[in-house]
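Chain by chain, the residues run as shown.
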Amino acid sequence: GGWLGVAATGALARTLLRSRRAAPVALALAALHPFLIWHAQDARNYALWFGASGLAMWLFLRAAARNRQRDWVLYLIAETVALYFFFLEAFLLVVQAAYLVAQRRPRRVVTAALRVWLVLGILLLPWLVQVWYLAHSGYQGATSDADPARLLTWFVPILLTGREYPFPWDV
């Protein structure tokens with residue numbers, strides 16, 4: 001997943017910045033980013049999401065530029081996979097819609113995107129049913145021991161200095 005994400009980052013840089021020089025810089029930044037390396041070695045879904053999300057975004061840009069049915073289908077597949085890997089991918093749908101508006105794409109491109117997003121909504125019905133059942137099951141996940149005050153005494157100090165302090169003013 002990480003390798004796919006790095007390649008997609010290079011393709012996105014080249015597409016968005018319209019520069020061949022931007023791609024190697026973006027590739028290097030993505031390949032050497034500590035968090036991406038960490039998640040690539042972790043047995044979780046984040047590296048897979050990075051790859052699928054980057055690919056979906058690049059395919060979206062390609063579909064919006066060419067407006068070919070094949071490109072929209074490839075985007076639909078990649079976006080569906082990315083959404084099933086991690087639910088926060090939904091925020092990138094908002095980014096994609098904003099891109100269409102900001103770039104003033106022709107009506108036929110916007111219509112094609114809306115059709116794809118409608119099909120995407122149908123493909124996500126099993127995911128939405130699972131979310132509904134989980135929300136009504138009483139499962140609290142990791143929120144049962146959430147303590148907002150620990151943001152000051154634990155999270156922020158460790159983020160900034162690497163150690164925990166007994167009081168916020170000791171930071």
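Residues numbered from 1 in each chain as written. Predicted model: local features only at pLDDT ≥ 70, side-chain atom pairs only at ≥ 80, totals over all residues. Heavy atoms only, no water.

(A) Region of the structure containing the side chain of Glu89. Checked against the element boundaries, Glu89 lands in the loop between helix H5 (69-85) and helix H6 (90-102). Buried charged residue Glu89 carries no salt bridge. Nearest counter-charge: Arg44, at 16 Å. At a separation of 2.8 Å, a polar atom in the side chain of Glu89 contacts the side chain of Trp49. (Helix = DSSP H or I, 4+ residues; strand = E, 2+ residues; numbered from the N terminus. Buried < 20%, exposed > 50% of the residue type's maximum accessible area, 1.4 Å probe, protein only. Lys, Arg positive; Asp, Glu negative; His and termini not counted. Salt bridge = Lys/Arg side-chain N within 4 Å of Asp/Glu carboxyl O. Polar contact = N/O pair within 3.5 Å; in protein donor to acceptor, adjacent residues only side chain to side chain.)

(B) Layout of the nonpolar core. Ranked by size, the top nonpolar core spans 23 residues in total, and within it Phe60, Trp72, Tyr75, Leu100, Trp117 and Leu120 carry the most contacts. Elements supplying a minimum of two residues to this core: helix H4 (46-66), H5, H6 and helix H7 (107-123). Broken down by element, the residue count for this core peaks at 7 residues, all from H4. Excluding residues that lie within four positions of it along the chain, Leu120 makes contacts with Leu76, Glu79, Thr80, Leu83 and Leu93. (Core = buried A, V, L, I, M, F, W, Y, C linked by side-chain atoms within 4.5 Å. Contact = heavy atoms within 4.5 Å.)

(C) Broad picture of the packing of helix H1 (residues 2-17) against helix H2 (residues 22-32). Contact geometry of H1 with H2 gives a least axis separation of 8 Å together with a crossing angle of 145 degrees. By crossing handedness, the relation of H1 to H2 is classed as right-handed. Of the residues in H2, those touching H1 at Val6, Ala7, Thr9, Gly10, Ala13, Arg14 and Leu17 are Ala22, Ala23, Ala26, Leu27, Ala30 and Ala31. Broken down by class, the residue content of the contact of H1 with H2 amounts to 10 nonpolar, 2 polar and 1 charged. (Axes fitted to C-alpha atoms, helices over the stretch in contact; angles between N-to-C directions. Left-handed = near helix turned anticlockwise from the far one by under 90°. Nonpolar A, V, L, I, M, F, W, Y, C, P; charged D, E, K, R; others polar.)

(D) Seen up close, the pattern of salt bridges. Counted according to the given criterion, the structure contains 2 salt bridges. Residues Arg62 and Asp71 are paired through a salt bridge, measuring 2.8 Å at the closest nitrogen-oxygen approach. Under the relative-accessibility criterion, Arg62 is labelled buried at 19%. Of the charged contacts, one joins Arg68 and Asp71 as a salt bridge, the two residues approaching to 3.0 Å between their closest N and O atoms. Of the residues examined, Asp71 reaches a relative accessible area of 0% and is grouped as buried.

(E) Looking closely at the packing of aromatic side chains. Scanning the entire structure with this criterion turns up 9 aromatic pairs. Ring geometry for Phe60 and Trp72: centres 6.2 Å apart, planes at 75 degrees, overall edge-to-face. Here the residue Phe60 occupies a position in helix H4, and Trp72 occupies one in helix H5, the gap between them amounting to 12 residues. Note on accessibility: Phe60 and Trp72 belong to one class, buried. Judged by centre distance (5.4 Å) and plane angle (55 degrees), the ring pair of Phe60 and Tyr75 falls under tilted. With Phe60 in helix H4 and Tyr75 in helix H5, this residue pair connects regions lying 15 residues apart in the sequence. Take Phe60 and Tyr75: they sit in the same class, and that class is buried. Counting every residue linked through ring pairs, the aromatic cluster contains Phe60, Trp72, Tyr75, Tyr99 and Trp117. (Phe/Tyr/Trp six-rings, centres within 6.5 Å; stacked < 30°, edge-to-face > 60°.)

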